[in-house]
Amino acid sequence: MVEKKTEEVIVAEYKLHIHCGECARAIEKHIIRNAGVQKVDINVSSGKVIVKGSDFDVKQIQERVERKTRKKVELISPKPKPKEVKPPEKKEEKKEIIKTTVIKVHLHCANCENDLKLMLLKHKEIHKVETNRAAQTCTIVGTIKEEELIKHIRKKARKHAEIVPQKVEKKVEEKKVKLEVKDGKEELTVEKKEELKTKDVVVPYFIHCTHAPQWFSDEDPNACSVM
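Analysis parameters
- Residues numbered from 1 in each chain as written.
- Predicted model: local features only at pLDDT ≥ 70, side-chain atom pairs only at ≥ 80, totals over all residues.
- Heavy atoms only, no water.
- Core = buried A, V, L, I, M, F, W, Y, C linked by side-chain atoms within 4.5 Å.
- Buried < 20%, exposed > 50% of the residue type's maximum accessible area, 1.4 Å probe, protein only.
- Helix = DSSP H or I, 4+ residues; strand = E, 2+ residues; numbered from the N terminus.
- Contact = heavy atoms within 4.5 Å.
- Arc of directions from axis to C-beta.
- Pairing = 2+ DSSP bridges.
- Axes fitted to C-alpha atoms, helices over the stretch in contact; angles between N-to-C directions.
- pLDDT = per-residue confidence, 0-100.
- Expected span 1.5 Å × (residues − 1).

(A) Quick look at the nonpolar core. The biggest cluster of nonpolar side chains holds 17 residues, and the ones touching the most others in it are Tyr14, Ile31, Val49, Val51 and Ile61. Taken together, the elements giving at least two residues each to this core come down to strand S1 (10–15), helix H1 (21–32), strand S2 (37–43), strand S3 (48–53) and helix H2 (58–69). Ranked by size, the runner-up nonpolar core spans 15 residues in total, among them Leu116, Met119, Ile126 and Ile140.

As structure tokens, this is what we get:
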């Protein structure tokens, strides 16, 4: 035999203003049409509406009655479960690198110099501008990319600009090697600025043993004999 699944009975209670018996019958028609609703009890004097059934949406009936009657409907029980509010995901903020860019640009006079400064400082990614009219250069400090900077100057100032390549200094590390003998051992010391690296090097000693020649031997046929 197949066991029948017992359906859970849902009892929902609402409250709203009910004017008369005709209003109550109209509300009952709107509710009973919902799938899963089996019985509707309405108390006109208290304004309470009790709905019984299985597998029906409590919130959907409340919204349907409000839409049909144009009256506010209060859901007394069961209380809807509060929606889980997920905390906003933290976005990783990209750290902007502040760099210094030097460009070669034609500066005709002091007015051209000031106009270029004011135009560049209006950009949100430019923090500081210094010009050198004698060298015809402009030093810009900010987070703006070099390609965007050149395009911005051509568009706003209508000037041709070129990036001045910066020299990269390479530091050469000096190393000093010392060889010392302590207690019969040779120690190799490498000095690198303030860091010292010591390495023990043991040089093996080889002892070569030589035996005296057997000039007078009875076993050696080439040995000398005494007559």
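(B) Seen up close, the side chain of Thr137. Relative to the helices and strands, Thr137 is located in strand S7 (residues 137–142). On the accessibility criterion, Thr137 (16% relative accessible area) is buried. Not counting chain neighbours up to four residues away, the residues in contact with Thr137 comprise Val102, Ile103, Lys104, Val105, Leu107, Glu130, Thr131 and Asn132.

(C) Representation of helix H4 (residues 146–156). The set of residues buried in H4 consists of Leu149, Ile150, His152 and Ile153. The buried side chains of H4 occupy one side of the element, clustering within an arc of 160° when seen end-on. With respect to the buried face of H4, the exposed residues turned more than 90 degrees away are Glu147, Lys151 and Lys155. For H4, the secondary structure elements touched by its buried residues are strand S5 (99–105), helix H3 (110–121), strand S6 (126–132), S7 and strand S8 (161–163). Taken from the residues just after H4, Arg158 is the one with a positive phi, measuring 55°.

(D) Molecular detail of the pairing of S2. As judged from the six bridges shared by S2 and S3, these two strands associate in the antiparallel manner. Bridged to Val37 within S3 is Gly53. The turn linking S2 back onto S3 is made up of four residues, and Gly47 within it adopts a positive phi angle of 75°.

(E) Structural detail: unusual backbone geometry. Here the amide bond leading from Ser77 into Pro78 is cis, since omega sits at -10°, within 30 degrees of zero. Assignment of secondary structure puts Pro78 in the loop between strand S4 (74–77) and S5. Phi angles above zero are rare outside glycine, and Asp55 is one such case at about 55°. If you trace the backbone, Asp55 turns up in the loop between S3 and H2. The exposure class of Asp55 is exposed, given its relative accessible area of 67%. Here Arg70, not a glycine, exhibits a phi torsion of approximately 60°, which is positive. Its place among the elements puts Arg70 in the loop between H2 and S4.

(F) Examining the sheet that holds S5 more closely. Read from one edge of the open sheet, four strands run S6-S7-S5-S8, paired in antiparallel fashion. Only two strands of the sheet have a single neighbouring strand rather than two, namely S6 and S8. Across this sheet, the average inter-strand angle for adjacent strands is 30°, counted without regard to direction. The sheet contact formed by S5 and S8 spans three bridges and is antiparallel. Residue pairing in the sheet places Ile103 in a bridge with Ile163 of S8. Where H3 meets the sheet, it contacts S5, S6 and S7, and its direction lies at approximately 165° from that of S6.

(G) Seen up close, the pairing of S1. Bridge count between S1 and S3: six bridges; the pairing is antiparallel. Counted as the bridge partner of Tyr14 is Val49 from S3. As defined by bridge partners, S1 adjoins S4 across three bridges and the pair is classed as antiparallel. Paired with Lys15 across the two strands is Glu74, which belongs to S4.

(H) Up close: the confidence of the model for the protein chain. For the protein chain, mean pLDDT is 77; residues scoring 70 or higher make up 69% of the total. For the protein chain, the element scoring lowest by mean pLDDT is strand S11 (residues 195–201), at 45; S3 scores highest, at 92. The low-confidence segment residues 194–213, where pLDDT is below 50, has 18 contacts with residues more than four positions distant or belonging to other chains.

(I) Up close: H1. The terminal C-alpha atoms of H1, which comprises twelve residues, lie 16 Å apart, in line with the 16 Å expected from a rise of 1.5 Å per residue. Considered for burial, the residues of H1 that qualify are Ala24, Ile27, His30 and Ile31. For H1, the buried positions fall inside an angular range of 120° around the axis, keeping them on one side. Along H1, exposed side chains directed more than 90 degrees from the buried face belong to Glu22 and Lys29.

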